[in-house]
Amino acid sequence: MKVSIKTPEQIEKMRVAGRLAADVLEMIAPYVEPGISTGELDRICHDYMVNVQKVVPAPLNYKGFPKSICTSVNQVVCHGIPSEKKILKSGDIVNLDITVIADGWYGDTSKMFCVGKVAPHAERLIQVTQECLYKGIEMVKPGCRLGDIGHVIQQHAESNYYSVVREYCGHGIGDVFHEEPQVLHYGKPNTGMELKEGMTFTIEPMINAGKAGTKLLKDGWTVETRDKRLSAQWEHTLVVTADGVEVLTRRPDETF
Ligand code: MF3
Ligand code: CO
Ligand code: CO
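Keep in mind the model is a prediction, meaning the values are calculated, not measured. (Residues numbered from 1 in each chain as written. Chains lettered and ligands numbered in written order. Predicted model: local features only at pLDDT ≥ 70, side-chain atom pairs only at ≥ 80, totals over all residues. Heavy atoms only, no water.)

Observations concerning the overall build of the protein
And step 1. Scanning the protein for helices and strands turns up four helices and 15 strands.
And step 2. Computed over its C-alpha atoms, the radius of gyration of the protein comes to 17 Å, within 12% of the 18 Å expected for a compact globule of 256 residues.
And step 3. In terms of principal-axis extent, the alpha carbons of the protein reach across some 45 × 45 × 35 Å.
And step 4. In the protein, which comprises 256 residues, the share counted as buried stands at 55%.
And step 5. For the protein, restricting intrachain contacts to residue pairs at least 6 apart in sequence, the fraction spanning at least 24 positions comes to 70%.
And step 6. Of the roughly 11300 Å² that the protein leaves accessible, carbon and sulfur atoms contribute 53%.
And step 7. Put simply, the protein has 29 plus and 33 minus side-chain charges, and the middle of one group is 6 Å from the middle of the other. (Helix = DSSP H or I, 4+ residues; strand = E, 2+ residues; numbered from the N terminus. Rg over C-alpha atoms; globule rule 2.2 N^0.38 Å. Buried < 20%, exposed > 50% of the residue type's maximum accessible area, 1.4 Å probe, protein only. Contact = heavy atoms within 4.5 Å. Areas by Shrake-Rupley, 256 points an atom, 1.4 Å probe, with all protein chains shown as cover. Lys, Arg positive; Asp, Glu negative; His and termini not counted. Charge placed at Lys NZ, Arg CZ, Asp CG, Glu CD.)

Next up, the structure:
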């Protein structure tokens, strides 16, 4: 088990990457409206990352992924592939997951968007999932253990009668996309690795309205809920500081 501790200079590079990833989510927000295709959202983000930000979209060609962002609509849990054929309609919920490589360092963040007018039950799933992420973030400080993070997320999801996806998790991140440790979104207090200042990782809970089970589609990427009910996800990249946490992908509307 080798979890890297980043130096202040490396953390500064991740701060830049994190801010750029967050900026993409801010930039794309006004485009997420009924009638746009997920392929068009991908194209707008790709052009912004490459031509304006001068960063590399990390998903593109990552293990063969064909696009620059992930677009996961309704029952899609994660890794949805953008397509010209997938037109968003009022009532849809969609996760846009952005990962940039800036000067060799990664920033990874995602958020949910409501398309047009969305049912109250869907809005509630989105809100509780965001609360799961925020409760996980609040736990982070030196001495906290990974199981403590997983536990608060699982507790909040299940006390709202939702379920936590098990097959996918958060991850260490730095000058590679996915590194140790694995950050599970369920677990038991006082178990798992102890956090140390300078660790960098994501928390990215995937919470299902129905059962936890998932299914990988034949495209080799798209993950759906088995029961075809809704799924939501929010993600931030963070660094453990001397006395707590810094959220590297924080957006201006977020107060931590
Ligand atoms: N951004 C995703 C994560 O949070 C990973 C996407 S990999 C891709 O870890 F290939 F699907 F893009
Ligand atoms: Co991630
Ligand atoms: Co991501």
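Thoughts on the sheet that holds strand S11 (residues 214-216)
And step 1. Taken together, three strands build an open sheet; the order of strands is S3-S12-S11 and the sheet is antiparallel. Of all the strands in the sheet, the pair left with one neighbour each is strand S3 (76-78) and S11. Pairwise comparison of adjacent strand axes, ignoring direction, gives a mean angle of 40 degrees for this sheet.
And step 2. Two strands pair when backbone bridges link them, and S11 and strand S12 (residues 223-225) are joined in this way by three bridges, in the antiparallel orientation. Within S12, the residue paired with Lys 215 across the bridge is Glu 224. (Pairing = 2+ DSSP bridges. Axes fitted to C-alpha atoms, helices over the stretch in contact; angles between N-to-C directions.)

Some details on the sheet that holds strand S6 (residues 163-164)
And step 1. Ordered in space as S6-S10-S13, the three strands form an open sheet in which the pairing is antiparallel. What marks the edges here is a single partner per strand, and that holds for S6 and strand S13 (231-233).
And step 2. Sheet topology places strand S10 (residues 206-208) next to S13; three bridges connect them, and they run antiparallel. Paired with Met 206 across the bridge in S13 is Gln 233.
And step 3. Most of the contacts of helix H3 (residues 120-139) go to S13, to which it runs at about 40 degrees, and overall it touches S10 and S13.

Remarks on the packing of aromatic side chains
And step 1. This structure, assessed with the given rule, holds four aromatic pairs.
And step 2. When the centroid spacing of 4.8 Å and the interplanar angle of 55 degrees are considered together, the rings of Tyr 62 and Phe 177 count as tilted. With a gap of 115 residues between them, Tyr 62 in the loop between strand S1 (56-57) and strand S2 (70-73) and Phe 177 in the loop between strand S7 (170-172) and strand S8 (179-183) connect regions that are remote in the sequence.
And step 3. A ring pair is formed by Phe 65 and Trp 221, whose centres lie 5.0 Å apart and whose planes are at 90 degrees; its orientation type is edge-to-face. (Phe/Tyr/Trp six-rings, centres within 6.5 Å; stacked < 30°, edge-to-face > 60°.)

A word on the coordination of the cobalt ion (ligand 2)
And step 1. Surrounding the cobalt ion (ligand 2) are the protein donor atoms Asp 108 (OD), His 171 (NE2), Glu 204 (OE) and Glu 235 (OE), which sit 2.0 to 2.2 Å from the metal.
And step 2. What the six donor atoms of the cobalt ion (ligand 2) show is an angle range of 51 to 160 degrees at the metal, which sorts the shape as irregular.
And step 3. Sequence spacing among the residues donating to the cobalt ion (ligand 2) works out to D-x62-H-x32-E-x30-E.
And step 4. Between the cobalt ion (ligand 2) and the cobalt ion (ligand 3), a separation of 3.3 Å is found, and both are coordinated by Asp 108. With a gap of 127 residues between them, Asp 108 in strand S5 (residues 105-114) and Glu 235 in the loop between S13 and strand S14 (236-240) connect regions that are remote in the sequence. The exposure classification of Asp 108 matches that of Glu 235, with both residues buried. (Donors = N, O, S within 2.8 Å, 3.2 Å for Na, K, Ca; no water. Tetrahedral: all angles 85-135°; square planar, octahedral: opposite > 155°, others 65-115°.)

Here's the deal with the packing of helix H1 (residues 8-28) against helix H2 (residues 38-53)
And step 1. Packing of H1 against H2 brings their axes to within 10 Å, and their N-to-C directions diverge by 135 degrees. Taken together, the axes of H1 and H2 are oblique relative to one another. Pair H1 / H2 crosses with right-handed handedness. Residue-level inspection shows Leu 20, Asp 23, Val 24, Met 27 and Ile 28 of H1 in contact with H2, the latter providing Leu 41, Ile 44, Cys 45, Tyr 48, Met 49 and Gln 53.
And step 2. Tallied by class, the residues present in the contact of H1 with H2 amount to nine nonpolar, one polar and one charged. (Parallel < 35°, antiparallel > 145°, perpendicular 65-115°, else oblique. Left-handed = near helix turned anticlockwise from the far one by under 90°. Nonpolar A, V, L, I, M, F, W, Y, C, P; charged D, E, K, R; others polar.)

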